[in-house]
Amino acid sequence: MTPIEEIKSKIDIVDFVGQTVKLRRSGKSYTGFCPFHANTKTPSFYVFPDTQSWHCFGACGTGGDVFNYVMKRENVDFGEALKMLAERAGVQLSERSPRDALEDERVRRLREITEAAARYWHNLLINSEVARGVHNYLTNREISEQSIVNFQLGYAPESWDALSKYLLSRGYQPKDIHDAGLTSERDGGGYYDRFRNRLMFPIRDIKGQTIGFGARALDELQQPKYLNSPQSLLFDKSAVLYGVDLAKEAIRAHGVAVIVEGYADALMAHQCGFKNVVASMGTALTEMQLRTLQRLAKKFILALDADVAGLLAMQRGLDVAQRTLDRESAPVLAADLKTLEDRLKIDIRVAVLPSGYDPDDLLREDLSAWQSMLDSALPVVDYLIQIVTAPLDLSSAKGKAEAARSLVPLIQKMADPVERSHYLQDLARRLRVDERALLETNTRAPAAPSVRTRGAKTALAPASEKVAFSLEDYCLALLLRHPSELSNLERLGLQSEDFTQSENRQIFELLKSWLDYEGSEPVPDLRDALETVLFGRYEYLVAYGAQYEPINVDEIERAALRLRERVLKQQIERLRFLEEESQRANELDEMQDYRQRIALSTEQLNWTQAAISARSMAGRAQRAAATREKAV
Ligand SMILES: [Zn+2]
């Protein structure tokens, strides 16, 4: 959770505004006299607990979230409002300090040392006489020269100080070499090389920077067989996938990521032309690893060994997979934006290797067997049903009960009601029992799909409101990829107030002022100008937008128009409500005023909807033309 999200989760807008404005409940919302303009007759100021937002329908005609409220009331900028609210909510804001700059410098130095070590070991493997044995080993494993180069494989010689001496001679400090995870500390003081007589696999992050190593023993008696870099400032094993730098383009292109367990498995897959393969470097997948991939693809195939240990480890891994993906995708899947849902829907499958094979063996033996294994991958829940039921006698009462006990809770945890019902029916059919009987085996109510929790008092936002947030994000994310479209979108009516989330609004306004000042070329890097606390938000949006590339102008325009449409509809709905209220109170002047504004907003809405359908038609015509061209 970012500090902004944390603040919003801790401060309820009704409580907060209610401390300075007398609010009265009115249907789903609260109303009072606007604190920002002379408002004495009909209250025109509204607070909406479901969206945690406020709006003045009187002279101000503006609104926003709790941050905008403080900015307007205290006449401060976003940064000041943030400080005030953080203090109130008891949320710690971290700022970039001179210490952070030192930390950056340290990371840079450790990275340099790590890269130097990778080059040193690689050169030894390629050029040195002492590496002849390991070279033979690689040849026997059918690992090509090209793969050795692509993966920068290396040889760490049988020596306590060969690497240390090399790095010291290049001017690096013993302490830094140790902090990079390359040496171990001697009991009596001093250091010795951590990796000796090993085949070295440099582990690179998604940008291709070396951050650590995996090392395989070359002597049968050597323990452990695999040794990794220790956790360090650079290297976090649980956050990285081996081969991701070389696999990312193929993963994006195929829309599928294949995850294997071992370094050599991933390497061999690439060598055989299956370039969308990465290795989890351990037995259980982690949440952070999946996040890395989720930006690149929506379909994952976990290819794992058939042995029992593998299966058990997988079960743990899958539990994490299911949790991560449910949470990440829930806000999107809850949306009725069909296209968005279709594109983001995530699919995890499990492929089990033939017994006795690891991916490396299978690939070397038979490429078509690898492909057919991938083709036969099962959806994750089908796979779990299979491994749970396989050892049970499903014709016996005991077997049925045990299967139900293990599987029903799993099915009930599924976020999607359609999927949930599908699997319950499926399980009932397999066990030949009644669905209702299955549900009775577990009295716990099905868990609702995760939604953001607000203050305890507030009701959950209705589905249409949740869409608003993701539509906002979507529109802004596309725009950040193509900032020069901004003036175009403004012509279509998009304005900063269409963004109800203050962090989105803030980023939009910054982009706008930047473009007004600097022009659209080169594409600005807004991070320099953003409040530190908005970095995370900005990077999320940029990464989120990246997965839609290539993005055409039409799609950006459509997103902006749809956001406009939603804002206008909401405005009209609220104005109608106010019109009725003033009619009831016999405030005829105000009623007239609301009517005029409804008419104006309706006109804008009609225009916006016409613009949307014009673009949909143009899009369809273009696609049809493209299809015809292909046919010719
Ligand atoms: Zn006002």
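Being a predicted model, the structure only gives us computed values, none of them experimental. Note on numbering: residues in each chain are counted from 1, in written sequence order. With the structure being a predicted model, the display of local features is reserved for residues of pLDDT at least 70 and the display and counting of side-chain atom pairs for 80 or more, all residues being used for whole-chain, interface and lining totals. Heavy atoms throughout the structure, all of them, feed into the side-chain values; hydrogens and water do not.

Participant: How would you sum up the overall build of the protein? Please name residues and give values.
Facilitator: Helix and strand counts for the protein come out as 26 helices and 16 strands. Whether two residues are in contact is decided by their heavy atoms: any pair within 4.5 Å suffices. When contacts within the protein are restricted to residue pairs at least 6 apart in sequence, those whose partners lie at least 24 apart make up 66%. Per element, the accessible surface of the protein, about 31,200 Å² overall, is 51% carbon and sulfur. The helix and strand labels rest on DSSP assignments: H or I over at least four residues marks a helix, E over at least two residues marks a strand, and numbering proceeds from the N terminus. What sets the accessible areas is the Shrake-Rupley method with a 1.4 Å probe; for residues, cover comes only from the shown protein chains.

Participant: Before we move on, can you summarise the pattern of salt bridges with the specific residues and values?
Facilitator: A pairing counts as a salt bridge when a side-chain nitrogen of Lys or Arg comes within 4 Å of a carboxyl oxygen of Asp or Glu. Summed over all chains, the structure comprises 30 salt bridges. Of the charged contacts, one joins Glu-249 and Arg-252 as a salt bridge, the two residues approaching to 3.8 Å between their closest N and O atoms. With Glu-249 and Arg-252 both in helix 10 (residues 244–254), this residue pair falls three residues apart, about one helical turn. Exposure is judged per residue with a 1.4 Å probe applied to protein chains only, and the accessible area is read against the type maximum: over 50% gives exposed, under 20% gives buried, and values in between give partly exposed. The partly exposed category is assigned to Arg-252, whose relative accessible area is 41%. The shortest N-O distance in the salt bridge between Arg-615 and Glu-557 comes to 2.4 Å.

Participant: Let's hear about the sheet that holds strand 1 (residues 24–26): which residues, and what values?
Facilitator: Spatially, the five strands line up as an open sheet ordered 1-2-3-4-5, and their pairing is antiparallel. Strand pairing shows two members of the sheet lacking a second neighbour, strand 1 and strand 5 (63–64), which therefore form its edges. Here four bridges tie strand 3 (residues 45–48) to strand 4 (residues 53–56), and the two strands are oriented antiparallel to one another. Considered in strand 4, the bridge of Phe-45 is made with Cys-56. Fitted lines through C-alpha atoms serve as axes, helices being fitted only where they are in contact, and the angles separating the N-to-C directions of these axes extend from 0 to 180 degrees. Packed on one face of the sheet, helix 3 (residues 66–74) meets strand 3, strand 4 and strand 5 and runs near 45° to strand 4. Of the strands in this sheet, strand 1 and strand 3 touch helix 25 (residues 553–584), which is tilted by about 130° from strand 3. Pairing between strands is defined by DSSP: at least two bridges between them are needed.

Participant: Please give an account of helix 18 (residues 397–412) that cites residues and values.
Facilitator: Taking 1.5 Å per residue as the helical rise, helix 18 with its 16 residues ought to reach 22 Å, and the 22 Å between its terminal C-alpha atoms agrees with that figure. At any given residue, the bend is defined as the angle formed between two axes, one fitted to the seven residues that end at that position and one fitted to the seven that begin there. When the local axis directions of helix 18 are compared, the greatest deviation, roughly 30°, occurs at Arg-405, which is followed within four positions by the proline Pro-409. Turning to helix 18, its buried residues are Gly-399, Lys-400, Ala-403, Ala-404, Leu-407, Val-408, Pro-409, Ile-411 and Gln-412. What a helix is expected to span follows from its residue count: subtract one and scale by 1.5 Å.

Participant: Explain the packing of aromatic side chains to me, using residue names and the numbers behind them.
Facilitator: Two aromatic rings, drawn from Phe, Tyr or Trp (for Trp, its six-membered ring), form a pair once their centres lie within 6.5 Å of each other, and the interplanar angle then sorts them: stacked below 30 degrees, edge-to-face above 60, tilted otherwise. Tallied over the entire structure, the rule returns 23 aromatic pairs. Feature note: the residues Phe-16, Phe-36, Phe-45, Trp-54 and Tyr-69 constitute an aromatic cluster, connected by ring pairs. Only lysine NZ and arginine CZ atoms are considered, and such an atom sits over a ring when it is within 6 Å of the ring centre and within 35 degrees of the ring normal. In this structure, Lys-72 is placed above the aromatic ring of Phe-36, and the distance from its NZ or CZ to the ring centre is 5.3 Å. Cation over ring: Arg-574 sits above Phe-48, and NZ or CZ is 3.3 Å from the ring centre.

Participant: A description of unusual backbone geometry should follow, citing residues and the corresponding values.
Facilitator: Here the residue pair Gln-223 and Pro-224 is connected by a cis peptide bond, since its omega of -10° sits within 30 degrees of zero. Structurally, the position occupied by Pro-224 is in the loop between strand 10 (210–217) and strand 11 (226–228). Of note, the phi angle at Asn-586 is positive, near 60°, even though the residue is not glycine. We classify Asn-586 as exposed; its relative accessible area is 59%.

Participant: A description of the coordination of the zinc ion should follow, citing residues and the corresponding values.
Facilitator: Looking at the metal site, the zinc ion is ligated by Cys-34 (SG), His-37 (ND1), Cys-56 (SG) and Cys-60 (SG), spaced 2.1 to 2.3 Å from it. A donor here means an N, O or S atom no more than 2.8 Å from the metal, or no more than 3.2 Å when the metal is Na, K or Ca. Since water is not included, a site may seem to lack partners. Tetrahedral means four donors with every angle between 85 and 135 degrees, whereas square planar (four donors) and octahedral (six donors) require angles over 155 degrees between opposite donors and between 65 and 115 for all others; sites fitting neither are termed irregular. What the four donor atoms of the zinc ion show is an angle range of 100 to 114° at the metal, which sorts the shape as tetrahedral.

Participant: I'd like a rundown of the packing of helix 1 (residues 3–10) against helix 4 (residues 78–89), residues and numbers included.
Facilitator: Across the interface, helix 1 lies against helix 4 with an axial gap of 10 Å and an inter-helix angle of 55°. Here helix 1 is positioned oblique relative to helix 4, judged by the angle of their axes. Helix-helix and strand crossings are classified by hand; for helix 1 and helix 4 the assignment is left-handed. In this structure, helix 1 uses Ile-4, Ile-7 and Lys-10 to contact helix 4, whose residues at the interface are Phe-78, Leu-82, Leu-85, Ala-86 and Ala-89. The residue classification treats Ala, Val, Leu, Ile, Met, Phe, Trp, Tyr, Cys and Pro as nonpolar and Asp, Glu, Lys and Arg as charged. All others, Gly included, are polar. Each residue belonging to the contact of helix 1 with helix 4 can be placed in one class, and the counts come to seven nonpolar, no polar and one charged. Put simply, angles under 35 degrees are roughly parallel, angles over 145 are roughly antiparallel, angles from 65 to 115 are roughly perpendicular, and the rest are oblique. Crossing handedness: left-handed means the near helix sits turned counterclockwise from the far one by under a right angle, and right-handed means the same turn made clockwise.

Participant: Help me get a handle on the sheet that holds strand 9 (residues 198–204), residues and values and all.
Facilitator: Spatially, the four strands line up as an open sheet ordered 6-9-10-11, and their pairing is antiparallel. Edge positions in the open sheet fall to strand 6 (154–156) and strand 11, since each of these has one partner strand only. Strand-to-strand twist in this sheet, taken as the mean axis angle between neighbours without regard to direction, amounts to 35°. Strand direction decides the pairing type here: strand 9 and strand 10, joined by seven bridges, are antiparallel. Each bridged residue has a counterpart across the sheet, and for Phe-201 the counterpart in strand 10 is Gly-214.

Participant: I'd like a rundown of the pairing of strand 2 (residues 29–32), residues and numbers included.
Facilitator: Here strand 2 shows a buried face lined by Ser-29 and Thr-31 and a second buried face lined by Tyr-30 and Gly-32. Note that strand 1 and strand 2 share three bridges and pair antiparallel. For Arg-24, the partnering residue across the bridge sits in strand 2 and is Thr-31. The hairpin turn running from strand 1 into strand 2, its antiparallel successor, is two residues long, and Gly-27 in that turn takes a positive phi close to 65°.

Participant: Lay out the nonpolar core in plain terms, naming residues and giving numbers.
Facilitator: If you look at the biggest cluster of nonpolar residues, it comprises 62 residues, and the most contacted ones within it are Trp-121, Leu-153, Leu-182, Phe-195, Tyr-242, Val-258 and Trp-370. Looking at this core, the element that brings in the most residues is helix 5 (residues 98–127), giving ten residues. Residue ranges for the domains trace back to a domain assignment, done automatically or taken from a database. Formed jointly, this core draws a minimum of three residues from each of two domains, domain 2 (105–235) and domain 3 (244–377). Not counting chain neighbours up to four residues away, the residues in contact with Leu-153 comprise His-122, Leu-125, Leu-138, Ile-143, Ile-148, Leu-199, Met-200, Phe-201, Pro-202, Tyr-242 and Leu-267. Judged by nonpolar contacts, the second largest core, of 60 residues, contains Tyr-69, Leu-489, Leu-494 and Tyr-538. We call a set of buried residues a nonpolar core when its members are Ala, Val, Leu, Ile, Met, Phe, Trp, Tyr or Cys and they connect through side-chain atoms within 4.5 Å of each other.

Participant: Describe the packing of helix 3 against helix 4, listing the residues and the values that go with them.
Facilitator: In contact at an axis separation of 9 Å, helix 3 and helix 4 are set at 110° when each is read in the N-to-C sense. The pairing of helix 3 with helix 4 is recorded here as roughly perpendicular in orientation. Within the contact between the two elements, helix 3 uses Val-66, Phe-67, Val-70, Met-71 and Glu-74 and helix 4 uses Phe-78, Ala-81, Leu-82, Met-84 and Leu-85. For the contact of helix 3 with helix 4, the per-class residue count stands at nine nonpolar, no polar and one charged.

Participant: Break down the confidence of the model for the protein for me, with residues and values.
Facilitator: Confidence scores labelled pLDDT are given residue by residue by the predictor and lie between 0 and 100. Summary statistics for the protein give a mean pLDDT of 79 and a share of 81% for residues scoring 70 or more. Taken as a whole, residues 308–344 scores under 50 in pLDDT and shows 68 contacts with residues more than four places along the chain or in a different chain. Across residues 443–469, where pLDDT falls below 50, the model places 43 contacts with residues more than four positions away in sequence or in other chains.

Participant: Summarise the environment of Lys-512; cite the residues concerned and give the values.
Facilitator: Note that Lys-512 resides in helix 23 (residues 502–518). For Lys-512, a relative accessible area of 28% translates into the label partly exposed. C-alpha of Lys-512 to C-alpha of Ser-496: the two residues are 16 residues apart in sequence and 9.0 Å apart in space. Those residues in contact with Lys-512, other than ones at most four positions away along the chain, are Leu-486 and Glu-490.

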